[in-house]
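Chain residues, written in single-letter form:
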Amino acid sequence: MEQPDWHGPLTEAYEQATRFLTGLPSRPVGSGAGPDELRAALGGPLPDKGTDAREVIARLAAAADAGIVASPSGRFFGFVIGGATPAALAADWLTATWDQNAGLYAAGPSAAVVEEVAGGWLRDLFGLPAHTSVGFVTGAQMSHVTALAAARHEVLRRAGWDVEAGGLHGAPRITVVAGADRHSTIDRALRFLGIGTAALAPVDVDDQGRMQPDALRTALDDLDGPVIVCAQLGNVNTGACDPIGAICDIAHASGAWVHVDGAFGLWAAASSRHRHLVTGVDRADSWTTDAHKWLNVPYDSGLVFCAHPQAHRAAMGVRAAYLVHAGGNERDALDHNPEFSRRARGFPVYAALRALGRDGVEALVDRTCELATRFATHMGDAVLNEVVLNQVLLTFGPQTFDLITRVREEGTCWVSGTTWQGRPAMRFSVSNHTTDESDIDRAAEVILRLAAS
């Protein structure tokens, strides 16, 4: 077998990576280059002759550097993006090195088993039923697609329709009940699945974006046919959590399936201090969350859980003569997620959980929530939301969006924007395991100083 030069390019990659990571505390958080500059640095015609691999890596790192957002920084507060713990990052490097196709057990036995183990740890951490099936996907978007495909299968099966064989033409109409402040990935999943956004029946939410149980009960009283209810743990703007226990009781009494968008809020279940926010979550039918948010696993790493494994497999499973399917007690991952071929995402999740342990995950959740509260205290009357988790929502009046741009350009921290109840707002999410009090205080000082200027 030919033996390429692995040492040169991998050594260069290691040196470039460690230089980047150790430089994060002093690095401006935002990108310093525009698209034309990056096209000039990275573009040009494909060369006729190849280039030494180590030189390629060195040139790539140099050319891309100005366009790299320091999202692993402890002062990146945009969206809900975590960093990467050392164990998770190292395991991700091994994942790329091992290059396992994690669709079939036969193609990657260790990849399959590590997903089983990590999935079991997560079920336990979140307090989900022991029989719950688990799938590893790219993120919350594909987790919603997977979970809602299982829901589509089951609610139509109960109505006497085989959607996998017959499709949706002629099927009983599904209604999807969700809060008015649901995440847009729910709507997009319904488009992908052919259910369509016209199937949505939005229900009223309170001033923090939480679904109102009475509004849900009224909506369900007016419906016939198959119903899926989508609840939310962790409003993307406020961090607020729907009263999931009451929602499950009301929805199940009418025969509906309950899907939980817990992209980041489900992690509250890992904290004794915050678990009350998700009381009753174990009574739902399916759940979505991300490991690349609060667990601080590298992108991309989403998770889907289903309390009805048969529905999960019916929606996702595939059989073909040319595949080597698992037998006995082995598990083929492609029976639990939409991808056929994919990278072995379970290794970084496993490493992150093993390195942190139950206490470490709880401490990570609690500490970032405390830091969000600390930031909100600095910001005073600019805060719009009840700070219940790691999200702070701010407004500075008409100048808010301009302020967001100036904060990014200043470089100390990075924040994102939104519109909340008709008002321009700044989103501040504390999700990174390296963020400390000094990062919070520096960010608050910069934002307040620029807002006053």
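This one's a predicted model, so the numbers in the text were calculated from it and none came from an experiment.

Criteria and cut-off values
Residues numbered from 1 in each chain as written. Predicted model: local features only at pLDDT ≥ 70, side-chain atom pairs only at ≥ 80, totals over all residues. Heavy atoms only, no water. Buried < 20%, exposed > 50% of the residue type's maximum accessible area, 1.4 Å probe, protein only. Helix = DSSP H or I, 4+ residues; strand = E, 2+ residues; numbered from the N terminus. Arc of directions from axis to C-beta. Contact = heavy atoms within 4.5 Å. Pairing = 2+ DSSP bridges. Axes fitted to C-alpha atoms, helices over the stretch in contact; angles between N-to-C directions. Parallel < 35°, antiparallel > 145°, perpendicular 65-115°, else oblique. Left-handed = near helix turned anticlockwise from the far one by under 90°. Nonpolar A, V, L, I, M, F, W, Y, C, P; charged D, E, K, R; others polar. Core = buried A, V, L, I, M, F, W, Y, C linked by side-chain atoms within 4.5 Å. Right-handed = clockwise from strand over helix to strand, strands pointing away. Polar contact = N/O pair within 3.5 Å; in protein donor to acceptor, adjacent residues only side chain to side chain.

**Student:** What exactly am I supposed to notice about helix 13 (residues 400–410) here?
**Tutor:** An α-helical segment advances 3.6 residues per turn. Residues three or four places apart therefore align on the same side. Residues T400, L403, I404 and V407 constitute the buried set of helix 13. Buried residues of helix 13, viewed axially, fall in a sector of 105°; they line one side. Turning to helix 13, the residues buried within the fold contact strand 8 (391–394), strand 9 (416–420), strand 10 (423–429) and helix 14 (437–452). Looking at the residues trailing helix 13, positive phi occurs at G411, about 100°.

**Student:** I keep staring at the environment of V446 and nothing clicks. Help me out?
**Tutor:** For V446, the location among the structural elements is in helix 14. Classification of V446 by relative accessible area gives buried; the value is 2%. Through-space distance from the C-alpha of V446 to that of C413 is 8.4 Å; in sequence the pair is 33 residues apart. Contacts of V446, omitting those with residues within four sequence positions, involve E410 and T412.

**Student:** I tried to follow the sheet that holds strand 6 (residues 286–290) on my own but got confused; where do I start?
**Tutor:** Note on sheets: strands pair through backbone hydrogen bonds, and any given pair is parallel or antiparallel. Spatial strand order, 1-7-6-5-4-2-3: seven strands in an open sheet with mixed pairing. Strands at the two margins of the open sheet, each flanked by one partner only, are strand 1 (133–137) and strand 3 (200–203). Strand-to-strand twist of the sheet, defined as the mean angle between neighbouring strand axes without regard to direction, takes the value 20°. Here strand 2 (residues 175–179) runs beside strand 4 (residues 227–232); their pairing, made up of four bridges, is parallel. Across the sheet, the residue bridging to V177 is V229, located in strand 4.

**Student:** Whenever I open this one, the pairing of strand 6 confuses me. Can you help?
**Tutor:** Every other side chain in a regular strand lies on the same face of the sheet, so the side chains alternate between the two faces. The element strand 6 is largely enclosed, with a buried count of five among its five residues. Taking every second residue as pointing to the same face, both faces of strand 6 are buried, with S286, T288 and D290 on one and W287 and T289 on the other. For strand 5 (residues 257–261) and strand 6, the ladder comprises three bridges, and the chain directions are parallel. Within the sheet, the bridge partner assigned to H259 lies in strand 6 and is S286. Two elements, strand 6 and strand 7 (residues 302–306), share five bridges in a ladder whose sense is antiparallel. Residue pairing across strands places W287 opposite F305, the latter belonging to strand 7.

**Student:** Honestly, the packing of helix 5 (residues 109–126) against helix 12 (residues 346–379) in this entry has me stumped. Any pointers?
**Tutor:** For any two helices packed against each other, the geometry is given by the interaxial angle and the distance between the axes. Relative orientation of the contacting elements helix 5 and helix 12 amounts to 30°, with a least axis distance of 9 Å. Taken together, the axes of helix 5 and helix 12 lie roughly parallel to each other. Of the two elements, helix 5 crosses helix 12, and the hand of that crossing is left-handed. Across the interface between the two elements, S110, A111, V114, E115, V117, A118, W121, L122, D124 and L125 from helix 5 touch G346, F347, V349, Y350, L353, R354, R358 and V361 from helix 12. Across the contact of helix 5 with helix 12, the residue classes tally to twelve nonpolar, two polar and four charged.

**Student:** When you look at the nonpolar core in this model, what are you seeing that I'm missing?
**Tutor:** Considering soluble globular proteins, one finds that nonpolar side chains tend to be buried as a cluster. If you look at the biggest cluster of nonpolar residues, it comprises 55 residues, and the most contacted ones within it are L122, V177, V229, W267, W287, L295 and V349. In terms of residues, this core owes the most to one element, helix 12, which gives six residues. Every residue in contact with V177, bar those within four places of it in the chain, is listed here: A201, V203, L216, A219, L220, L223, V227, I228, V229 and C230.

**Student:** How do you make sense of the pairing of strand 4 when you look at a structure like this?
**Tutor:** Taken across its six residues, strand 4 has six buried, putting it largely inside the fold. Alternating positions in strand 4 separate into two faces, V227, V229 and A231 on one and I228, C230 and Q232 on the other, with burial throughout. Inspection of the sheet shows strand 4 paired to strand 5 by five bridges, in the parallel sense. Across the sheet, A231 pairs through a bridge with V260, a residue of strand 5. One crossover worth recording links strand 4 to the parallel strand 5 by way of helix 10 (residues 244–253), and it is right-handed.

**Student:** Would you explain the side chain of D439 in this entry?
**Tutor:** Tracing the chain through its elements places D439 in helix 14. Reaching out from D439, the side chain makes a polar contact with the backbone nitrogen of D436 at a distance of 3.0 Å. Not counting residues up to four positions away in its chain, the partners in contact with D439 are G74, R75, F77 and T434.

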